[in-house]
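Coordinate inspection notes
Given next are the chains, with one letter for each unit.
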Amino acid sequence: METTQTSEIERAIYAAIDEATREPVEPGGPGRTPDTVLVGDDPLLDSMTFVMFALNLEKELDRRYGETISVMDLIAAGEQLTVEALARRIARRLGPRGE
């Protein structure tokens, strides 16, 4: 179930993807869907671009919510992680502000 906050977090994720790849994408385009794979089989970003994405997202979350969240702490080894799953994890970490 998507909440308004989760949607806002997804928009922050998409903005971080755009900044890391330096290629803005239209809504619904590659990298702009909740099921876009960020970590796992056939990820959208290579490892160096993912590091830039994570840093960009951390800065954006701090700007929007005033809280430092480590994206890398939200990823378990060997798992597949989508935009939607990452947004839900961030929302849980933010607590009532992210739900």
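Located above this text is the structure these notes cover.
Residues numbered from 1 in each chain as written. Predicted model: local features only at pLDDT ≥ 70, side-chain atom pairs only at ≥ 80, totals over all residues. Heavy atoms only, no water.

**Observations regarding the overall build of the chain**
Under the convention used in this document: A helix here means a DSSP run of H or I that spans at least four residues, while a strand means a run of E at least two residues long, and both kinds are numbered starting from the N terminus. The cut-offs for exposure are 20% and 50% of the maximum accessible area for each residue type, with area from a 1.4 Å probe on protein chains only; residues under the lower value are buried, those over the upper are exposed, and the others partly exposed. In what follows, a contact means two residues having at least one pair of non-hydrogen atoms within 4.5 Å. Per-residue and other accessible areas were derived by the Shrake-Rupley procedure at a 1.4 Å probe size, with only the shown protein chains allowed to occlude residues.
The number of helices and strands found in the chain is three helices and two strands. Reading the secondary structure of the chain in the N-to-C direction produces α-β-α-β-α. Sorting the 99 residues of the chain into buried and exposed places 44% on the buried side. In the chain, of all internal contacts separated by at least 6 residues, the share reaching a separation of at least 24 is 64%. For the chain, the computed accessible surface area is about 5,800 Å², with 51% contributed by carbon and sulfur atoms.

**Here's the deal with the pattern of salt bridges**
Definition in use: One speaks of a salt bridge when a side-chain nitrogen belonging to Lys or Arg is within 4 Å of a carboxyl oxygen belonging to Asp or Glu.
Tallied over the entire structure, the rule returns five salt bridges. The residue Glu 60 makes a salt bridge to Arg 63 at a minimum N-O spacing of 2.5 Å. Here the residue Glu 60 and the residue Arg 63 both occupy positions in helix H2 (residues 47-65), the gap between them amounting to three residues, near one helical turn. Judged by its relative accessible area of 16%, Glu 60 is buried. The shortest N-O distance in the salt bridge between Arg 88 and Glu 84 comes to 3.9 Å. With Arg 88 and Glu 84 both in helix H3 (residues 83-94), this residue pair falls four residues apart, about one helical turn. In this structure Arg 88 comes out as partly exposed when scored by relative accessible area, which is 37%. The partly exposed category is assigned to Glu 84, whose relative accessible area is 33%. One network of salt bridges, in which partners are shared, links Glu 60, Arg 63 and Arg 64.

**Some remarks on the packing of aromatic side chains**
Heads up, the rule is: Note on aromatic pairs: the rings of Phe, Tyr and Trp (six-membered ring only in Trp) are paired at centre separations within 6.5 Å, and the planes decide the class, stacked below 30 degrees, edge-to-face beyond 60, tilted for the rest.
Evaluated as defined, the whole model comprises one aromatic pair. Centroid distance Phe 50 to Phe 53: 5.4 Å. Interplanar angle 50 degrees. Geometry classified as tilted. Placement of the pair is Phe 50 and Phe 53 together in helix H2, with a separation of three residues, close to one helical turn. Judged on exposure class, the residue Phe 50 and its partner Phe 53 are both buried.

Remember, this is a structural readout, not a statement about activity or role.
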